[in-house]
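Structural characterization, general
Spelled out, the chains give:
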Amino acid sequence: MKKILVTGALGQIGSELVMKLREVYGNDSVLATDIRKEDCEVVHSGPFEILDVQDAKRFSSLAREYHIDTIMHLAALLSAKAEANPQLAWTINMGGLVNALEVAREHNTQFFTPSSIGAFGPNTPKSRTPQDTIQRPTTMYGVNKVSGELLCDYYYQKFGVDTRGVRFPGLISYVTKPGGGTTDYAVEMYYGAKENKAYTSYIKSGTYMDMMYMPDAIHAIIQLMEADSSRLIHRNAFNVSAISAEPEDFAQAIRKHIPDFQLSYDVDPIRQAIAESWPNSINCQAAKEEWGFQPKFDLHSMSEDMLEKI
Ligand code: AKB
């Protein structure tokens, strides 16, 4: 029986990943951890422990106590928040990752952590960005993500830890809102459309970024972790995406369901600069070939589902 420890379990990805993992592997097989506790399904449907990922000793003792064989390390600050406090981002994002990898090494567990399209920078090819290419990000978040990818590969090569990861695009979900990211505008637009038939975007019209619907993201994590290790040429981390879109594309998709939806702009220069340093669209061929990545939702099916479920 699998025993999975998830950090950052109450965050945007964690809150859906934990519920899906519990459905697949059983409630008691998934230990959800987070720095805070809330009255929610993740806390009530299976084991939950408070864990600050900076506390290496507690991290290790929880892994021992629950006989953990897989760690899914999600706790991190997102791009805009990291840019507002780069020193804190380094401490949490890198300190937490080193601790998580050390626990994986000590307890001989499989390991997953997400990288991001933020691992690319302004001199990366912008369209159909290859799996292996220039990675010179200009944000602290990007520096953390590239360092994290290298560190995970190092733990695989040096210590034999079975580390795997994906470069996530902006993730769109109606369950838990993201916080402190650059791609958050896309999620906010659906809520704006449902609540007020209007949204003011902090990202400029014409700025393309990769996006994906959360059910596809959760499925991708499980599929990658279940993949035959011998098929993986790459490990940390695979390009994955389903949609390349700019604010007007979302507005048009929303207007199919809410015809009088109004989109206006009040651009935030900091998040706009981050967005402009990222690719317009990434190439996911390696993920498709090595472990069968195949997202189900495009912009229109995602928009229909989001607007129905919010
Ligand atoms: C962010 O905007 O920071 C994240 C990401 C793309 O990694 N959603």
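Residues numbered from 1 in each chain as written. Predicted model: local features only at pLDDT ≥ 70, side-chain atom pairs only at ≥ 80, totals over all residues. Heavy atoms only, no water.

Now for the site of the ligand. Around the ligand, the structure places L78, S79, S116, I117, Y141, P169, G170, G181, T182, T183 and W278. One nitrogen or oxygen atom from the side chain of S116 is found 2.7 Å from an oxygen atom belonging to the ligand. T182 places a polar main-chain atom, nitrogen or oxygen, 2.7 Å from an oxygen atom of the ligand. Bound to the protein, the ligand loses 93% of the 260 Å² it would expose on its own. Its residues assigned to classes, the shell around the ligand comprises five nonpolar, six polar and no charged. (Near = heavy atom within 4 Å. Polar contact = N/O pair within 3.5 Å; in protein donor to acceptor, adjacent residues only side chain to side chain. Areas by Shrake-Rupley, 256 points an atom, 1.4 Å probe, with all protein chains shown as cover. Nonpolar A, V, L, I, M, F, W, Y, C, P; charged D, E, K, R; others polar.)

If you trace the three strands from one edge of the open sheet to the other, you get β9-β11-β13, paired in mixed fashion. Looking along the sheet, the strands with just one partner apiece sit at the ends: β9 (170-172) and β13 (243-245). Here the strands of the sheet are splayed against their neighbours by 40° on average, with no regard to which way each runs. On the sheet, helix α7 (residues 184-196) packs against β9, β11 (209-213) and β13 and is oriented at approximately 25° with respect to β9. (Pairing = 2+ DSSP bridges. Helix = DSSP H or I, 4+ residues; strand = E, 2+ residues; numbered from the N terminus. Axes fitted to C-alpha atoms, helices over the stretch in contact; angles between N-to-C directions. Contact = heavy atoms within 4.5 Å.)

Attention now moves to the packing of aromatic side chains. This model, assessed by the stated rule, comprises nine aromatic pairs. For the pair Y213 and F297, a centre-to-centre distance of 4.8 Å together with 75° between the ring planes defines the contact as edge-to-face. Pair noted here: Y213 is in strand β11 and F297 is in the loop between α11 (285-291) and α12 (299-309), with a separation of 84 residues, a long-range link. Of the residues examined, Y213 reaches a relative accessible area of 0% and is grouped as buried. (Phe/Tyr/Trp six-rings, centres within 6.5 Å; stacked < 30°, edge-to-face > 60°. Buried < 20%, exposed > 50% of the residue type's maximum accessible area, 1.4 Å probe, protein only.)

Here the focus is the packing of α7 against helix α9 (residues 247-255). Any two packed helices are characterised by how steeply their axes cross, that is the angle between the axes, and by the distance between the axes. Between α7 and α9, the shortest axis-to-axis distance is 11 Å and the interhelical angle comes to 30°. Looking at the two axes, α7 sits roughly parallel to α9. Remark: the crossing between α7 and α9 carries right-handed chirality. In this structure, α7 uses Y185, A186, M189, Y190 and A193 to contact α9, whose residues at the interface are P247, F250, A251 and I254. Tallied by class, the residues present in the contact of α7 with α9 amount to nine nonpolar, no polar and no charged. (Parallel < 35°, antiparallel > 145°, perpendicular 65-115°, else oblique. Left-handed = near helix turned anticlockwise from the far one by under 90°.)

A word on the nonpolar core. Ranked by size, the top nonpolar core spans 76 residues in total, and within it F168, I172, Y185, F250 and W291 carry the most contacts. Among the elements that line this core, the one with the most residues is helix α8 (residues 214-226), at eight residues. What Y185 contacts, discounting residues up to four positions off in sequence, is Y199, S201, Y202, I203, M209, M211, A245, E246, P247 and F250. (Core = buried A, V, L, I, M, F, W, Y, C linked by side-chain atoms within 4.5 Å.)

Next up on the list: the UniProt feature "domain: NAD-dependent epimerase/dehydratase" (unreviewed entry) in the protein chain. In this structure's numbering, the residues bearing the UniProt feature "domain: NAD-dependent epimerase/dehydratase" (unreviewed entry) are residues 4-230. Structurally, residues 4-230 comprises 44% helix and 17% strand, and the distance from its first C-alpha atom to its last is 22 Å. (UniProt positions renumbered as here; feature names shortened; annotations may be inferred.)

Now for the pattern of salt bridges. All chains considered together, the criterion is met by 12 salt bridges. With a shortest N-O distance of 2.7 Å, E102 and R105 are connected by a salt bridge. Of this pair, E102 and R105 both sit in helix α5 (residues 86-107), separated by three residues, roughly a single helical turn. Classification of E102 as partly exposed rests on a relative accessible area of 27%. (Salt bridge = Lys/Arg side-chain N within 4 Å of Asp/Glu carboxyl O.)

Attention now goes to the sheet that holds strand β8 (residues 166-168). Strands sit in the order β6-β8-β12 across an open sheet of three strands; the sheet is parallel. The sheet terminates laterally at β6 (115-116) and β12 (238-239), the two strands that pair on one side only. Sheet analysis places β6 next to β8, joined by two bridges and oriented parallel. Along β8, the bridge assignment pairs S116 with F168.

The next point concerns unusual backbone geometry. Geometrically, the link from N236 to A237 is a cis peptide bond, its omega value of 5° lying close to zero. Of note, A237 is situated in the loop between α8 and β12. If you check the backbone angles, N108 has positive phi at about 55° while not being a glycine. Inspection of the secondary structure puts N108 in the loop between α5 and β5 (110-112).

Secondary-structure assignment places D216 in helix α8. Overall, D216 belongs to the buried group, its relative accessible area being 6%. Not counting residues within four places of it along the chain, the set of residues in contact with D216 comprises P295, K296 and F297. Of the polar contacts made by the side chain of D216, one reaches the backbone nitrogen of K296; its length is 2.8 Å.

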